[in-house]
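What the coordinates show
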Amino acid sequence: MTHPLEQLRDDALREIGSATDEHALEAARIKYIGKSGSISAWGERMKTLDKTERPVIGKLLNEVRNAVTAALETRSAQFRIEKESGALARIDISLPGTPGEIGSLHPLYQMHERAIQIFRRMGFALAEGPDVETEWYCFDALNTPPDHPARNEQDTFYLPDGRLLRTHTSTVQIRAMESASPPIRMIASGAAYRRDEVDATHSAQFHQIEGLYVDENVGIADLKGELEFFLRELFGSETEVQFRPHYFPFTEPSLEVYVRSKALKGGEQWIEVAGCGMVHPAVFEAVNKSRGDNAYDPEKWSGYAFGLGMDRLAMILFDIPDIRLFAQNDLRFLRQFA
Ligand code: DAH
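Calculation criteria
Sequence positions are assigned chain by chain, starting from 1 and proceeding in written order. Reporting of local features is limited, given that this is a predicted model, to residues whose pLDDT is at least 70; pairs of side-chain atoms are given and counted only at 80 or more, and all residues count toward the totals for whole chains, interfaces and linings. Think of the side-chain values as coming from all heavy atoms in the structure, minus any hydrogens and water. Using a 1 Å grid laid over the protein atoms alone, points where a 1.4 Å probe fits but cannot get out form a cavity; open sets with protein on both sides within 12 Å along at least 5 of 7 lines form a pocket; any residue with an atom within 4 Å of a point counts as lining. Grid points are joined across faces, edges and corners, and a volume is the space filled by probe spheres set on the points. Each residue is assigned to one of three groups, with Ala, Val, Leu, Ile, Met, Phe, Trp, Tyr, Cys and Pro labelled nonpolar, Asp, Glu, Lys and Arg labelled charged, and all others, Gly among them, labelled polar. Those domain boundaries reflect an automatic or database domain assignment. Take the buried Ala, Val, Leu, Ile, Met, Phe, Trp, Tyr and Cys residues and link them wherever side-chain atoms come within 4.5 Å; each set so joined is a nonpolar core. In this scheme, a residue with accessible area under 20% of its type's maximum is buried, one over 50% is exposed, and one in between is partly exposed, where area comes from a 1.4 Å probe on protein chains only. Only DSSP runs of H or I covering at least 4 residues are called helices, and only runs of E covering at least 2 are called strands; the numbering of each starts at the N terminus. Between two residues, a contact is recorded if the distance between any of their heavy atoms is within 4.5 Å. Pairing of aromatic side chains requires ring centres within 6.5 Å, counting the rings of Phe and Tyr and the six-membered ring of Trp. Pairs whose planes differ by under 30 degrees are stacked, by over 60 edge-to-face, and all others tilted.

1. Some thoughts on empty space enclosed by the protein
- Applying the stated criterion to the full structure yields 1 cavity of 30 Å³ or more.
- By volume, the largest cavity amounts to about 40 Å³.
- As for the largest cavity, its lining consists of 10 residues, of which Arg-260, Ser-261, Leu-264, Gln-269 and Ile-271 are closest to the centre.
- Here the lining of the largest cavity is built from residues that sort into 4 nonpolar, 4 polar and 2 charged.

This is the structure in structure tokens:
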């Protein structure tokens with residue numbers, strides 16, 4: 001004979017099997033195994049049963065409840081799968097996807113990396129300094145007197161508090177010597193700022209690689225030989241390098257550096273790429289004063305320094321006609337260096 005619990009189970013399974021959506025399924029759950037469902041009611045009824053009957057019916061009740069719960073879960077999973085595949089059916093998987101854009105290094109950064117790689121092989125360490133500077137680091141410590149045109153408000157970006165955007169990376173020479181005793185061999189690469197008339201070769205923000213080498217008996221032959229080596233590594237061994245006398249307050253003597261190479265576009269032309277010279281004793285004295293010692297005794301130490309125009313180097317290396325292209329963010333330009 002079928003027990004009423006088995007009857008209830010069969011009714012529940014039939015109802016679950018024929019439920020057409022989640023709502024119908026939930027109604028069946030409440031009806032049979034909800035708090036006051038007809039199967040749950042048998043839990044209460046157990047207490048009234050005979051002691052011998054109780055374990056048998058208890059076991060049956062468990063089996064019935066498990067069977068119904070399992071059926072509910074199976075049917076619910078079926079609904080979920082149907083819903084998901086229905087949504088997927090509306091997606092055209094043959095459509096092309098949205099391609100991910102892959103970025104690349106900016107040509108100026110590529111230039112920076114190439115230069116640093118060469119200088120590293122030559123034993124230079126990389127130093128850093130801030131873009132916003134004091135007049136001391138930008139001018140005074142670099143033997144640049146108050147009446148020097150570089151300090152003119154028309155030429156330099158001053159902040160209301162008297163600080164300024166550095167007009168060259170030579171500031172890092174001072175910072176490096178303040179924090180380390182000689183010998184020192186460092187380069188620094190970064191932005192510099194001037195109120196220049198903007199045109200194809202001038203920009204209010206440009207980039208430099210600064211170099212400084214201080215040791216005993218550093219001479220101008222070291223300066224010329226090492227800069228020549230660097231420029232030939234960068235532009236090729238046929239590159240000609242020329243040094244022309246010039247004036248900078250922080251070096252004595254001072255030189256400008258020009259390159260020419262048949263391997264490069266515009267090959268016949270001499271192009272200015274750097275300023276350089278032997279560190280002026282007044283620069284060492286300024287550093288000593290700020291350090292409060294005589295570590296950079298100009299009687300004992302000598303040094304050379306240089307400042308390379310990084311934008312200029314990149315324009316020669318990559319044959320770029322206009323400095324403004326570096327800052328315009330035009331993807332047609334930037335993609336050529338990817
Ligand atoms: N600071 C100079 C400029 O921006 C370039 C320069 C010249 C740097 C001579 C030096 C140097 O270190 O020795 O025009």
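2. Here we look at the domain arrangement of the protein
- Domain assignment breaks the protein into domain 1 (4-89) and domain 2 (107-337).
- The C-alpha-based centres of domain 1 and domain 2 are spaced at 83 Å.

3. Some words on the nonpolar core
- Grouped together as the largest cluster of nonpolar side chains are 44 residues, with contacts concentrated most on Phe-230 and Leu-231.
- Here this core gets 7 residues from one element, more than from any other, and that element is helix H10 (residues 310-318).
- Those residues within four positions of Leu-231 in sequence are excluded, and the remaining contacts are Gly-236, Thr-239, Val-241, Val-257, Val-259, Val-273, Leu-308 and Leu-313.
- If you look at the next biggest cluster of nonpolar residues, it comprises 24 residues, including Met-186, Val-214, Val-283 and Val-287.

4. Here's the deal with the packing of aromatic side chains
- Tallying each qualifying case throughout the model produces 12 aromatic pairs.
- The interplanar angle of 75° and the centroid separation of 5.3 Å between the aromatic rings of Phe-119 and Phe-124 together place this pair among those described as edge-to-face. The same class applies to Phe-119 as to Phe-124, namely buried.
- Measuring from ring centre to ring centre gives 4.1 Å for Phe-119 and Phe-230, while their planes differ by 10°; the resulting arrangement is stacked. Of this pair, Phe-119 sits in helix H5 (residues 107-121) while Phe-230 sits in helix H8 (residues 220-235); the two residues are 111 residues apart in sequence, bridging distant segments of the chain. For the pair shown, Phe-119 and Phe-230 are each scored as buried.

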